[in-house]
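Spelled out from the first residue to the last, the chains are:
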Amino acid sequence: MRAGFNRIAGSVWRRRGEMAAAIALVLLISLLQPLNATNDATDDLQSGAVLLEDLPYRPHPLPTSLGAIAPEGEHYGERLEETAVGALVWSELPIRVYLHRDPSETWREAMTEVIQDWGQYLPLELVRDSELGDIVIWQRRPPPRRVGDDFRAAAARVSYDLYWRENRLGHRFEILISPTQGTEAARAALRHELGHALGIWGHSDRPTDVMYYSQVRHPPHLSPRDLRTLRYVYEQPTRLGWSLLRD
């Protein structure tokens with residue numbers, strides 16, 4: 001957790017396994033006492049609850065890098081999940097990414113290539129300290145996923161937390177890539193999960209897209225539909241990154 005953040009109690013929205021639409025039912029954000037708080041803004045908030053409606057709900061300016069993607073053509077934005085805070089977009093760029101430092105150099109190089117692929121369309125910066133990462137990537141075994149009445153091993157998992165920082169609502173993503181995955185499978189898994197972490201909170205219905213909902217024999221690279229969907233997401237309203245409204 002970064003210094004200056006207050007973690008949201010009770011109403012922390014976190015994705016565990018499959019997408020959870022239930023987070024849209026959250027109407028109230030309750031605050032803990034500040035953790036490492038260093039500014040007056042967090043002190044102002046701890047006195048009571050903050051209503052979700054107190055946070056502005058509007059789009060941020062479109063990042064210049066996404067403006068280069070032509071909006072004309074198909075996308076799958078209508079298939080994406082809704083969250084209580086709106087679009088899971090990043091308003092402060094570059095987005096800081098921490099990549100687990102313990103795995104083999106081969107693994108790290110493959111994962112770095114995936115980060116660079118997405119980084120052509122949104123500015124991403126690799127950092128050496130996990131505490132500084134907006135998106136943190138680990139080579140760790142994810143919890144098993146439930147399929148009907150059974151539990152099965154998962155290849156990867158993505159989740160996010162919400163935080164207060166400087167009177168604004170922010171978010172932080174964690175990606176787990178199973179160490180049992182070969183390099184190419186891990187590459188495909190991270191390419192997909194990183195798409196979620198950059199804001200594509202849902203799945204495509206076509207196997208030619210990186211964000212297709214199921215694994216395929218020959219994993220694709222980023223498709224025009226993936227990129228148009230990314231642009232679409234960053235044109236949507238959100239409560240993330242805006243200062244709290246006060247009378």
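The preceding data block contains the structure.
Rules behind the numbers
Residues numbered from 1 in each chain as written. Predicted model: local features only at pLDDT ≥ 70, side-chain atom pairs only at ≥ 80, totals over all residues. Heavy atoms only, no water. Helix = DSSP H or I, 4+ residues; strand = E, 2+ residues; numbered from the N terminus. Buried < 20%, exposed > 50% of the residue type's maximum accessible area, 1.4 Å probe, protein only. Contact = heavy atoms within 4.5 Å. Areas by Shrake-Rupley, 256 points an atom, 1.4 Å probe, with all protein chains shown as cover. Pairing = 2+ DSSP bridges. Salt bridge = Lys/Arg side-chain N within 4 Å of Asp/Glu carboxyl O. 1 Å grid on protein atoms, 1.4 Å probe; cavity = no way out; pocket = protein on both sides within 12 Å on 5 of 7 lines; lining within 4 Å. Points joined across faces, edges and corners; volume = space filled by probe spheres on them. Nonpolar A, V, L, I, M, F, W, Y, C, P; charged D, E, K, R; others polar. Core = buried A, V, L, I, M, F, W, Y, C linked by side-chain atoms within 4.5 Å. Expected span 1.5 Å × (residues − 1).

Participant: Hey, could you run me through the overall build of the protein chain in this one?
Facilitator: Along the protein chain, the regular secondary structure elements total 5 helices and 10 strands. For the protein chain, the residues scored as buried account for 48% of the 247 residues in total. Pairs at least 24 apart in sequence give 74% of the contacts found in the protein chain among residues at least 6 apart. Summing over all exposed atoms, the protein chain offers an accessible surface of approximately 12400 Å²; the carbon and sulfur share of this is 47%.

Participant: Which parts of the structure should I look at to understand the pairing of strand β6 (residues 135-139)?
Facilitator: Side-chain direction in a regular strand flips from residue to residue, so the side chains alternate between the two faces of the sheet. Counted residue by residue, β6 has 4 buried out of 5 residues, so it is predominantly covered. The pairing of strand β4 (residues 95-99) with β6 spans 3 bridges and is parallel. Residue pairing across strands places Val-97 opposite Ile-135, the latter belonging to β6. Alignment of β6 against strand β10 (residues 168-177), held across 5 bridges, turns out to be parallel. Residue Ile-135 lies in a different strand from β10, and its bridge partner there is Phe-173.

Participant: Teacher, can you tell me more about the side chain of Ser-130 here?
Facilitator: Residue placement: Ser-130 occurs in the loop between β5 (124-127) and β6. The contact partners of Ser-130, leaving out residues within four places of it in the chain, are Tyr-98, Val-136, Trp-138 and Arg-172.

Participant: Would you mind going over the pattern of salt bridges with me for this structure?
Facilitator: A pair can form between side chains of opposite charge whenever their charged atoms are brought close. The tally for this structure, following the rule as stated, stands at 11 salt bridges. Ionic pairing is found between Arg-191 and Asp-117, a salt bridge with its closest N-O pair at 3.7 Å. With Arg-191 in helix α4 (residues 183-197) and Asp-117 in helix α3 (residues 105-119), the pair connects residues that are 74 residues apart, well separated along the chain. The class of Arg-191 is buried, set by a relative accessible area of 5%. Look at the salt bridges and you will find they share partners, linking Glu-74, Asp-205, Arg-206, Asp-209 and Arg-225 into a network.

Participant: What's the story with the layout of surface pockets in this structure? I'm lost.
Facilitator: A probe matching the size of a water molecule, rolled over the atoms, marks out where space remains unfilled. Taken as a whole, the second largest pocket spans an internal volume of roughly 350 Å³. Around the second largest pocket sit 18 residues that line it, and Glu-81, Glu-82, Gly-86, Ala-87 and Gln-236 are the ones nearest its centre. Considering only residue class, the lining of the second largest pocket consists of 9 nonpolar, 5 polar and 4 charged.

Participant: Could you clarify how one ought to interpret the nonpolar core in this entry?
Facilitator: One recurring pattern in soluble globular proteins is that nonpolar side chains are buried together. Counting residues in each nonpolar core, the largest one holds 50 residues, and the members touching the most others are Ile-135, Ile-137, Phe-173, Ile-175, Ile-177, Leu-194 and Leu-198. For this core, the elements supplying multiple residues, two or more each, are β4, α3, β6, β9 (156-165), β10, α4 and α5 (224-233). With 6 residues, α3 is the single largest residue contributor to this core.

Participant: Please explain α3 as it appears in this structure.
Facilitator: Every α-helix carries 3.6 residues per turn, so stepping three or four residues along brings you back to the same face. If you check α3, its first and last C-alpha atoms are 20 Å apart, about what 15 residues at 1.5 Å a residue would give, namely 21 Å. For α3, the set of buried residues is Trp-107, Arg-108, Ala-110, Met-111, Thr-112, Val-114, Ile-115 and Trp-118. Check the buried side of α3 and you find it contacts β4, β5, β6, β10, α4 and α5.

These results come straight from atomic positions and should not be treated as a statement about function.
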